[in-house]
Amino acid sequence: MGGDFIGSDLVYLSTGYDFVKGVIDVSLGKFSLPIIKNNKYSGVYFLSKNSEKLVPIFNQTNQFEVKKEIFNTNLLEINNSNDRSGYLIYQSNEKVSF
């Protein structure tokens, strides 16, 4: 499974397919072809010093957001995944970019 919310959230938000369940089914020898129920955009934005311009987006409620969390208001430069200060997961009928 991919990290950074790919397997746990983004595949389902984009397609409606429960990827985690699919991984479990494969491990149990029960794989069946996925049925795609959605055709939406989904993505994740990570908050850090490098993405500081996103702070206003993180501080407001957005109609496209599914889940967001800010763990640290002291934004760090990204050197590894542990330096992230938060995330925003979105789903939309169109690509959301800043």
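Definitions and cut-offs
- Residues numbered from 1 in each chain as written.
- Predicted model: local features only at pLDDT ≥ 70, side-chain atom pairs only at ≥ 80, totals over all residues.
- Heavy atoms only, no water.
- Helix = DSSP H or I, 4+ residues; strand = E, 2+ residues; numbered from the N terminus.
- Buried < 20%, exposed > 50% of the residue type's maximum accessible area, 1.4 Å probe, protein only.
- Polar contact = N/O pair within 3.5 Å; in protein donor to acceptor, adjacent residues only side chain to side chain.
- Contact = heavy atoms within 4.5 Å.
- Phe/Tyr/Trp six-rings, centres within 6.5 Å; stacked < 30°, edge-to-face > 60°.
- Salt bridge = Lys/Arg side-chain N within 4 Å of Asp/Glu carboxyl O.
- pLDDT = per-residue confidence, 0-100.

1. Section: the side chain of Asn 62
Now for step 1: Within the secondary structure layout, Asn 62 lies in the loop between helix H3 (55-58) and strand S2 (65-70).
Now for step 2: A relative accessible area of 8% means that Asn 62 is categorised as buried.
Now for step 3: A distance of 2.9 Å separates a polar side-chain atom of Asn 62 from the backbone oxygen of Ile 57.
Now for step 4: Here Gln 60 takes part through its side chain, which lies 2.8 Å from a polar atom of the side chain of Asn 62.
Now for step 5: Excluding residues that lie within four positions of it along the chain, Asn 62 makes contacts with Ile 57, Lys 68 and Leu 88.

2. Some points on helix H2 (residues 19-27)
Now for step 1: For H2, the capping residue at the N-terminal end is Asp 18, with a side-chain oxygen 3.3 Å from the backbone nitrogen of Val 20.
Now for step 2: The first or second residue beyond H2 is Gly 29, which carries a positive phi of 75°.

3. Focus on the packing of aromatic side chains
Now for step 1: In this structure the tally under the stated criterion is seven aromatic pairs.
Now for step 2: Ring centres of Phe 64 and Phe 98 lie 6.1 Å apart, and the angle between their planes is 50°; on these two criteria the pair is classed as tilted. With a gap of 34 residues between them, Phe 64 in the loop between H3 and S2 and Phe 98 in the segment after strand S3 (86-92) connect regions that are remote in the sequence.
Now for step 3: Given a relative accessible area of 17%, Phe 64 falls into the buried group.
Now for step 4: An aromatic cluster is present here, built from Phe 5, Phe 46, Phe 71 and Tyr 87 joined pairwise through their rings.

4. Points about the pattern of salt bridges
Now for step 1: By the definition in use, this model includes five salt bridges.
Now for step 2: The salt bridge involving Arg 84 is made with Asp 4; its shortest N-O contact spans 2.9 Å. Of this pair, Arg 84 sits in the loop between S2 and S3 while Asp 4 sits in the segment before helix H1 (6-15), and the two are 80 residues apart along the sequence.
Now for step 3: The partner of Lys 68 in a salt bridge is Glu 65, and the shortest N-O contact between them spans 3.2 Å.
Now for step 4: In this structure Lys 68 comes out as partly exposed when scored by relative accessible area, which is 27%.

5. What about the confidence of the model for the chain?
Now for step 1: Summary statistics for the chain give a mean pLDDT of 94 and a share of 100% for residues scoring 70 or more.
Now for step 2: S3 holds the highest mean pLDDT among the elements of the chain, 98, whereas H2 holds the lowest, 94.

6. Considering H1
Now for step 1: Looking at H1, one finds that the buried residues are Gly 7, Asp 9, Leu 10, Leu 13, Ser 14 and Thr 15.
Now for step 2: Taken together, the buried residues of H1 touch H2, strand S1 (41-47), S2 and S3.

7. Some words on unusual backbone geometry
Now for step 1: You will see that Asp 4, though not glycine, has its phi angle at about 55°, which is positive.
Now for step 2: Positive phi outside glycine occurs at Phe 5, with the angle close to 75°.
Now for step 3: Here Phe 5 shows up in the segment before H1.

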